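Given next are the chains, with one letter for each unit.
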Amino acid sequence: MKLSEIIAILEIKIISESGIDQDMKIHRINSLKDGKKGELSLFENEKYKTDLLNSNISVILVREKHLELIPKNIIKLISKNPYVDMAKLSKFFAINDQIKTDSENYIKAKIGENVEIAETVYIGSGVVIGDNTKIRAGTYIGDNSVIGNDSLILPNVTIYHSTIIGNHVIIHSGAVIGSDGFGFATNEFSEHFKIYHNGNVIIGDNVEIGANTTIDRAVFGNTYIRNGVKIDNLVQVGHNCDIGENSLLVAQSGIAGSTRLGRNVVMGGQSGSVGHIEIAPFTIISGKGGVTKSIKTSGKIWSGYPLFQHNDWLKLQAIISRLLDKS
Amino acid sequence: MKLSEIIAILEIKIISESGIDQDMKIHRINSLKDGKKGELSLFENEKYKTDLLNSNISVILVREKHLELIPKNIIKLISKNPYVDMAKLSKFFAINDQIKTDSENYIKAKIGENVEIAETVYIGSGVVIGDNTKIRAGTYIGDNSVIGNDSLILPNVTIYHSTIIGNHVIIHSGAVIGSDGFGFATNEFSEHFKIYHNGNVIIGDNVEIGANTTIDRAVFGNTYIRNGVKIDNLVQVGHNCDIGENSLLVAQSGIAGSTRLGRNVVMGGQSGSVGHIEIAPFTIISGKGGVTKSIKTSGKIWSGYPLFQHNDWLKLQAIISRLLDKS
Amino acid sequence: MKLSEIIAILEIKIISESGIDQDMKIHRINSLKDGKKGELSLFENEKYKTDLLNSNISVILVREKHLELIPKNIIKLISKNPYVDMAKLSKFFAINDQIKTDSENYIKAKIGENVEIAETVYIGSGVVIGDNTKIRAGTYIGDNSVIGNDSLILPNVTIYHSTIIGNHVIIHSGAVIGSDGFGFATNEFSEHFKIYHNGNVIIGDNVEIGANTTIDRAVFGNTYIRNGVKIDNLVQVGHNCDIGENSLLVAQSGIAGSTRLGRNVVMGGQSGSVGHIEIAPFTIISGKGGVTKSIKTSGKIWSGYPLFQHNDWLKLQAIISRLLDKS
């Protein structure tokens, strides 16, 4: 997409101290941190000043009041709401969810040896499937997805485009891998604009994913399910999460976007975590527990909502229960 | 269905002060409020006396003890358990979930221009699909459902019969729209009788529905998802709910039957609401919050279960936490 | 599988006081309680001493320190981690999830009269379907599963192999019946080994199962959903659970493995129960309630987490709320 087209779509003012080539091609929207030459990002929050100074981004959406914070070599697009403008633009950068079979971009799938694929399975353009993998009826494998060796994808699973799945993986029926994250920008009329998600999901080796579990794709970059992770039924993993090796996510637990679990974390049944935090390795969150801030010490058990260390929670519940006797 | 057949099925006594034509046709079971001539309803709870007096219903199931409350012009069927008898009858009024392809009632779908429909998609009788809409593999569109323009229905979605979906709608994989509500009548032996759901689901424009989310059809009337609503993964919306414009339902939240959300309500992750209440516009329910009664003031944040205004909840949690120090 | 092969796989020492035939065939892994001649089990927990003494098992995995507890007639395999070794073995005893259509073991399905089966339905080897049953598009019926008469299986349901379903059953879209339970054995490096689940799910008559609900198969034996049970959407029922007659499981509730509900139990929305407990008949668990130990008295209402009798919980919440006024 040309810079001139972006300016036209957003009806926006442009500032550059180093001259502007409006025919310049913008290849991608990206985060400040990962952004490269020829890519566009936004600056909205002063918390990300360091990312800004180290960024290789070419073009940035920015409020007038933040203009002076932006390094000279970055082209500035002055926006009344950089987040909403980025959402509006993201639609134009969205990867199509599916290449048409009759399109010239369509690439035939590469299927390994000794693979079983049921008749009603949909295999998208550019899919790669390793040896000995079995894909049962009604399953959908989106464009450019890769599945390793010796994996078993049970019936009626949906794997969106560009998903990468390792070896010895089991995915149970009804699971959805790579659906769009829940990300919207809201304007002054309280209307929500979809942020198109062009990242993906990467699943390691020896992972098992339960029935009707959902794992969202990243907005930029990747959602990671590391080697040896076991996920139960009806679990939600948000966009850009990183689930550490050998972690266990018990049924109906949920992890909001961009949260990182260390290795061997256990999330109990119906427990949950807010987004954008870290949970230390070998942490155990009891059933129904709610995590609202990062857990920095490894190997502890936490319970309740708000969260306490398990022994404190037990003690506290005993104290609370005695209030009843006193009444 | 003839009145005489209803009497025979329920083995029930009939009373009418205005003469009875047992050949009279009963077209539908309906609520007292919306009931029309030729329809049947029930009276069980004195709370609905005003609805009763204003009702245009022709026939009513009623306990002997409530007989005198019923207006003269309504035909009375005396029932030991009006709710159970209504459930038993509802089976006979149920709309078939699917018209057979070889039936003479089968109507070919009307498909717009530039529509993509995958091979394994099921399109029922009388379906209408607007221009530029894409329907991916394994999706099911039940009889008489309507989908607007520029919508994207991802793989393995199920849309039950008579569902109405607007323009620019995205429905993610595994979502189920229009399944029967969880409604049963229980007899004196604690057995549950299904109340067949003949209402539907109506989804507005610019709505997005997450993976494996479920939205139940109304028992009578409609379940509404208004314009601009965004629903995350694994959310439950009960029968006859009305989700106001631009509301956000975060992952694993649930709303029980007949609850009405004003515009721009946010239900946090794993939060829930009981049925038959109203939540005021611009209300925010924090993650894991539980709503048990109507919220009448707009624009406030609520947390916890039981629910407190957010600041009070924070204060209260601090007080509770100090109990631990004192012990 | 021969005993000699098991010894080779596990690289394990064998002890028998009654002579060993290493060509002896081991037919199955089973629990101590249900184990029969020619089957293998494990002993790990002294809690199960009585089961051990009454067991008809032929071979047992056991730690050296427990050796003297094992009856003489049982062949002992000395294991450093009997649970992990059992998990490793379970893979070899796993029932294949699907017999190939061209295999000589493939048995054509037996379909009753007046049955409707959509084109895209997958019907496995040895499936039996009763009269008047309807199976909608995209549904999968695994090998050797049996469905009774007058049942309705809606679109995109997945029924794994060996499931038994009664008469007059309704299963809504996206439900998954018979997926593997969440059972793993963990070794000294905190790696998890899958315990293959060879049990099944048995569903009685007049059961209704909601959209996107998941019911796991038993590891050994059966998961039971008894007659007249009604299950709402997005509910999780763990492996080896037994849900008593006419129980109601409301949306997003979850029951962990091996828990037994008496008849007419109600689990409110978003409520949960730990595994391996019993809940007495006619118990009601309020919405969001968390059950952590067996409930032995019938017919009571319980609320909160931790759980209190409902009236106590209300009183307690009032007391807690007053703490706020005092502050």
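For clarity, every value in this text was computed on a predicted model and none was experimentally measured.

Conventions adopted
- Residues numbered from 1 in each chain as written.
- Chains lettered and ligands numbered in written order.
- Predicted model: local features only at pLDDT ≥ 70, side-chain atom pairs only at ≥ 80, totals over all residues.
- Heavy atoms only, no water.
- Least-squares fit on C-alpha atoms with pLDDT ≥ 70 in both.
- Pairing = 2+ DSSP bridges.
- Helix = DSSP H or I, 4+ residues; strand = E, 2+ residues; numbered from the N terminus.
- Contact = heavy atoms within 4.5 Å.
- Axes fitted to C-alpha atoms, helices over the stretch in contact; angles between N-to-C directions.
- Buried area = accessible area lost by both parts, 1.4 Å probe.
- Salt bridge = Lys/Arg side-chain N within 4 Å of Asp/Glu carboxyl O.
- Polar contact = N/O pair within 3.5 Å; in protein donor to acceptor, adjacent residues only side chain to side chain.
- Buried < 20%, exposed > 50% of the residue type's maximum accessible area, 1.4 Å probe, protein only.

What follows deals with the relation of the copies chain A and chain C. By a simple turn and slide, chain A fits onto chain C: the slide is 0.0 Å along the axis, the RMSD is 0.0 Å, and the turn is 120°. The superposition of one copy onto the other is thereby described by a three-fold rotation axis.

Once that is clear, we can look at the sheet that holds strand 5 (residues 75–78) of chain A. Residues and elements named next belong to chain A. Read from one edge of the open sheet, five strands run 1-5-4-3-2, paired in mixed fashion. In this open sheet, the two edge strands, each paired with only one partner strand, are strand 1 (13–15) and strand 2 (28–29). As judged from the four bridges shared by strand 4 (residues 59–62) and strand 5, these two strands associate in the parallel manner. The partner of L61 across the bridge, within strand 5, is L77. Strand contacts of helix 1 (residues 3–10): strand 1, strand 3 (39–43), strand 4 and strand 5, with the helix running at about 15° to strand 5, the strand carrying the most contacts.

Tallying the contact residues gives 49 residues for chain B and 40 residues for chain C. Sorting the residues of chain B by area buried against chain C places B:F182, B:H192 and B:Y305 first, and these three jointly supply 20% of that buried surface. Along the contact surface separating chain B from chain C lie three salt bridges. Between B:D97 and C:R136 there is a salt bridge; the shortest N-O distance is 2.9 Å. Summed over the shared surface of chain B and chain C, the number is 22 residue pairs in polar contact (both at pLDDT 80 or more).

The next subject is the pairing of strand 3 (residues 39–43) of chain C. All names here are of chain C. Burial runs high along strand 3: five of the five residues are buried. The side-chain alternation of strand 3 yields two buried faces, one formed by E39, S41 and F43 and the other by L40 and L42. Pairing geometry for strand 2 (residues 28–29) and strand 3, over two bridges, is parallel. Counterpart to I29 in the pairing with strand 3 is L40. When strand 3 meets strand 4 (residues 59–62), the two strands line up parallel, connected through four bridges. Paired with F43 across the strands is V62, a residue of strand 4.

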